[in-house]
Amino acid sequence: MLAYHVLSITKDLGFTKSVICPVVIESEDGPILFDAGYPGQYDEFELAFRDIGLSISDLRAIVLSHHDHDHIGSLRAIVDGNPGISVLANEAEARYVSGEERSLRLVQAEEYNATLSGDERLFGERFARYLGTIETARVDRYVRDGDLVSPGLRVVDTPGHTPGHIALYLEEEGTLLAGDALAIEGGKLVVANPRFTLDMGGAIASVERIRGMRVGRLICYHGGEYEG
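Reading guide: rules and limits
- Within every chain, residues take consecutive numbers counted from 1 along the sequence as written.
- Local features are withheld for residues below a pLDDT of 70 in this predicted model, meaning they are given only at 70 or higher, and side-chain atom pairs are given and counted only at 80 or more; totals for whole chains, interfaces and linings count all residues.
- Neither water nor hydrogens contribute to the side-chain values; these are computed over all heavy atoms in the structure.
- At least two DSSP bridges between two strands are needed for those strands to be called paired.
- Strands are runs of DSSP state E lasting at least two residues, helices are runs of H or I lasting at least four, and both sets are numbered from the N terminus onward.
- Comment: axis = line fitted to C-alpha atoms, over the contacting stretch for helices; angle = value between 0 and 180 degrees taken between N-to-C directions.
- Throughout this description, buried means an accessible area under 20% of the type-specific maximum (1.4 Å probe, protein chains only), exposed means over 50%, and partly exposed covers the range between.
- Summarising the geometry, the arc corresponds to the directions from the helix axis toward the C-beta atoms.
- N or O atoms within 3.5 Å of each other form a polar contact, as long as, within protein, one can give a hydrogen and the other can take it, and as long as residues adjacent in sequence are counted only when both atoms are side-chain atoms.

**Q** In this structure, what is going on with the sheet that holds strand β4 (residues 23-27)? I would like to understand it.
**A** One key point about sheets: their strands pair by backbone hydrogen bonds, in either a parallel or an antiparallel sense. Read across the sheet, 6 strands follow the order β1-β4-β5-β6-β7-β8 without closing on themselves; strand pairing throughout is mixed. Two strands lie at the open edges of the sheet, namely β1 (3-6) and β8 (141-142), each paired on one side alone. Here strand β5 (residues 30-34) pairs with strand β6 (residues 61-63) via 3 bridges, running parallel. Paired with Phe-34 across the strands is Val-63, a residue of β6.

**Q** Help me understand the sheet that holds strand β10 (residues 153-157), please; the structure alone is not making it clear to me.
**A** Pairing is mixed in the open sheet, where 6 strands are placed in the order β9-β10-β11-β12-β15-β16. Each of the sheet's edge strands pairs with one partner strand only, and the pair in question is β9 (148-150) and β16 (224-227). Sheet twist, expressed as the mean angle between neighbouring strand axes with direction ignored, is 25°. Here strand β11 (residues 166-170) pairs with strand β12 (residues 175-179) via 3 bridges, running antiparallel. Across the sheet, the residue bridging to Tyr-169 is Leu-176, located in β12.

**Q** Can you walk me through the pairing of strand β7 (residues 86-89) in this structure?
**A** Relative to β7, β6 runs parallel, the two sharing 3 bridges. Each bridged residue has a counterpart across the sheet, and for Val-63 the counterpart in β7 is Leu-88.

**Q** Sorry if this is basic, but what is going on with helix α5 (residues 104-113) here?
**A** Spacing of three or four residues puts side chains on the same side of an α-helix, whose turn is 3.6 residues. Burial in α5 covers these residues: Arg-105, Leu-106, Gln-108, Ala-109 and Asn-113. Within α5, the buried residues cover an arc of 160° as seen down the axis, which keeps them to one side. The N-capping residue of α5, defined by a side-chain oxygen 3.1 Å from the backbone nitrogen of Arg-105, is Ser-103.

Shown next, in the form of structure tokens:
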């Protein structure tokens, strides 16, 4: 069975605190990180890695569920700190991760801001400017539904939140690393924030797909572990 560690890293956003749960999988090829946090969290990742007896320098690969700022924010810093690391993403997300195309979240924010006024408009414009500062990074390998990242660790396409969103499935354990395909709020599973879901029909179809899998445990990026 693949050992894994659910990290808990807090980001103070000023108006609230966001707790994220990236996952480290100890594969036979070396440690693999699933998602890379908010910007400016390199040191927090390193501390979290030390707590499980590892370092960022030990990482073999990073797999990205999608290109949102809270999932790729520290990617560039981690890659710079470990140039030998391999970055994996779905092809539909890779062009945004690498900066070949503008972030869909930024495009969404700009379109939404046009409908606002007053303080809401000012807040929205600040958020859009912040999204524009996210550093891009290379993607070394495209992965698609059914691909093995490492023996026992399979890619599952879960589009909807973004077009190329993926989850990772630990086959023997029956554990799904859901990224933002699902979240936990008030102890219940929910579709990740509908306001930031680009295709709600696709997101619901992805949830239905997950329901049809042999999953005994879910790990959500926002909310942590869920059993049952």
